[in-house]
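# Close look at the chain arrangement
Listed below are the residues making up each chain.
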Amino acid sequence: MFGMSSIAIHLNDANALPLERVNMDKYMDNFLEHRRAQERTYQATIAGSSDPITSLLTVELNITELCNRICPFCPRVNPEVYPNLNLSMDLKISEKIAEDLKQMGYKGRISFSGYGEPILNKQFPDHIRLFRRALPENTIETNTNGDKLTVDMIQGLYDAGISALYVNLYDGVESVAHFEDLFAKAGIITDRYKLRRHWPGVAKDYGLTINNRSGMLQPPDAPVQQPPDPIASPCYYPFYKMLVDWNGNVLFCANDWGRKNIIGNLLHASVRELWLSDRMREIRLRLAKADRHFSPCNVCDIEGTLHGKPSFDRLLAFYADD
């Protein structure tokens with residue numbers, strides 16, 4: 001349906017600036033190393049704790065089902081498979097989660113990302129404020145395609161309490177200078193945002209951002225390959241990250257775009273209860289044995305072992321002692 005020469009259809013193009021103004025050396029760093037550094041910092045903060053809840057490194061929030069783009073590496077490329085829906089997380093859900101995490105003494109990361117464009121949630125700054133009030137020291141971050149960013153919006157998000165903005169660059173190197181200028185005008189130093197290379201042709205770490213979305217993307221319409229058999233590898237994702245959907249549902253994995261495994265709802269249970277639930281234990285023990293013979297893991301093409309090993313080890317030790 002869409003070739004790699006047409007990376008996205010969207011509502012407004014970034015105002016790209018000349019390539020000669022772009023210092024690409026800044027964007028050849030390894031984002032995986034950034035995540036690993038965050039993980040090391042987190043592990044230092046929970047050192048000595050035996051509480052299995054400390055395996056939870058990231059709470060990811062899908063605060064909207066809307067996106068202003070149609071990309072060939074997103075299930076929205078086929079609206080019959082993944083329609084664009086005007087569904088947004090209510091503030092009461094964020095308030096409940098933030099309070100749960102506060103009561104737990106949570107030290108990990110809050111990430112506004114998921115399956116839509118977070119900025120399209122009209123209450124986005126209010127969601128940030130709720131978490132910042134409850135968790136004054138935690139990292140709060142968001143991914144964005146950047147299309148809707150303005151100087152005022154950037155300043156408003158940082159004023160609300162965001163720690164970092166990650167702008168996914170889908171249109172190529174040409175858009176780098178535009179975003180550098182935008183953040184400079186907003187008065188945001190380079191340490192507080194990252195421009196991530198998501199365009200075709202960038203080899204380093206590109207495989208971390210392009211996957212088959214747990215089988216929701218089907219070749220030849222998308223630049224992915226379907227594994228002929230389930231990957232014979234453990235997967236750490238359900239050991240370190242919780243994905244909360246727009247309605248408060250907790251999915252077993254952030255890559256479960258088809259919502260195949262819903263663990264429960266945070267309006268009716270706590271973060272601790274769902275993270276340490278029997279269903280999560282069952283799934284984790286199968287994945288620990290490299291058993292992916294269940295949906296959607298049987299069709300997922302993610303290796304799943306590049307990040308999250310400390311949480312994997314912590315939960316397996318907990319289950320062994322239980």
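Here's a quick rundown of the structure.

Enumeration according to the criterion identifies eleven aromatic pairs in this entry. With a centroid separation of 5.3 Å and an interplanar angle of 45°, the aromatic rings of F73 and Y170 are classed as tilted. Residue F73 is located in the loop between β3 (69–70) and α2 (91–104), and its partner Y170 is located in the loop between β6 (164–169) and α5 (176–186); the two are separated by 97 residues in the primary sequence. Like Y170, F73 is buried. When the ring of F112 is compared with that of F124, the centres are 5.1 Å apart and the planes differ by 75°; the resulting orientation is edge-to-face.

Let us now look at the sheet that holds strand β10 (residues 262–265). Ordered in space as β7-β6-β5-β4-β2-β8-β9-β10, the eight strands form an open sheet in which the pairing is mixed. Whereas interior strands pair on both sides, the edge strands pair on one side only; in this sheet they are β7 (193–197) and β10. Strand-to-strand twist of the sheet, defined as the mean angle between neighbouring strand axes without regard to direction, takes the value 25°. In this sheet, strand β4 (residues 109–112) lies alongside strand β2 (residues 58–61) in parallel orientation, the contact comprising four bridges. Following the sheet pairing, T58 is matched in β4 by R109. The strands touched by helix α3 (residues 124–134) are β2, β4 and β5 (140–144); relative to β4, the strand with the most contacts, the crossing angle is about 175°.

To continue, consider the packing of helix α4 (residues 151–160) against α5. Running from amino to carboxyl end, α4 crosses α5 at an angle of 60°, the nearest separation of the two axes being 9 Å. Relative to α5, α4 is oriented oblique. Note on packing geometry: the crossing formed by α4 with α5 is right-handed. On the side of α4, the interface is formed by V151, I154, Q155 and Y158, while α5 contributes L182, F183, K185 and A186. Here the residues of the contact of α4 with α5 are counted per class, giving six nonpolar, one polar and one charged.

Moving on, we come to the side chain of S277. Mapped onto the secondary structure, S277 falls in the loop between α8 (271–275) and α9 (278–288). Polar side-chain contacts of S277 include one of 2.9 Å to the backbone oxygen of L274.

Next up on the list: the pairing of β7. With four of five residues buried, β7 lies mostly within the body of the structure. Taken together, the five bridges between β6 and β7 define a ladder with parallel strand orientation. By the bridge assignment for β7, L165 is matched with Y193. In this view, the connection linking β6 to its parallel neighbour β7 by way of α5 has right-handed handedness.

What counts and what doesn't
Residues numbered from 1 in each chain as written. Predicted model: local features only at pLDDT ≥ 70, side-chain atom pairs only at ≥ 80, totals over all residues. Heavy atoms only, no water. Phe/Tyr/Trp six-rings, centres within 6.5 Å; stacked < 30°, edge-to-face > 60°. Helix = DSSP H or I, 4+ residues; strand = E, 2+ residues; numbered from the N terminus. Buried < 20%, exposed > 50% of the residue type's maximum accessible area, 1.4 Å probe, protein only. Pairing = 2+ DSSP bridges. Axes fitted to C-alpha atoms, helices over the stretch in contact; angles between N-to-C directions. Contact = heavy atoms within 4.5 Å. Parallel < 35°, antiparallel > 145°, perpendicular 65-115°, else oblique. Left-handed = near helix turned anticlockwise from the far one by under 90°. Nonpolar A, V, L, I, M, F, W, Y, C, P; charged D, E, K, R; others polar. Polar contact = N/O pair within 3.5 Å; in protein donor to acceptor, adjacent residues only side chain to side chain. Right-handed = clockwise from strand over helix to strand, strands pointing away.

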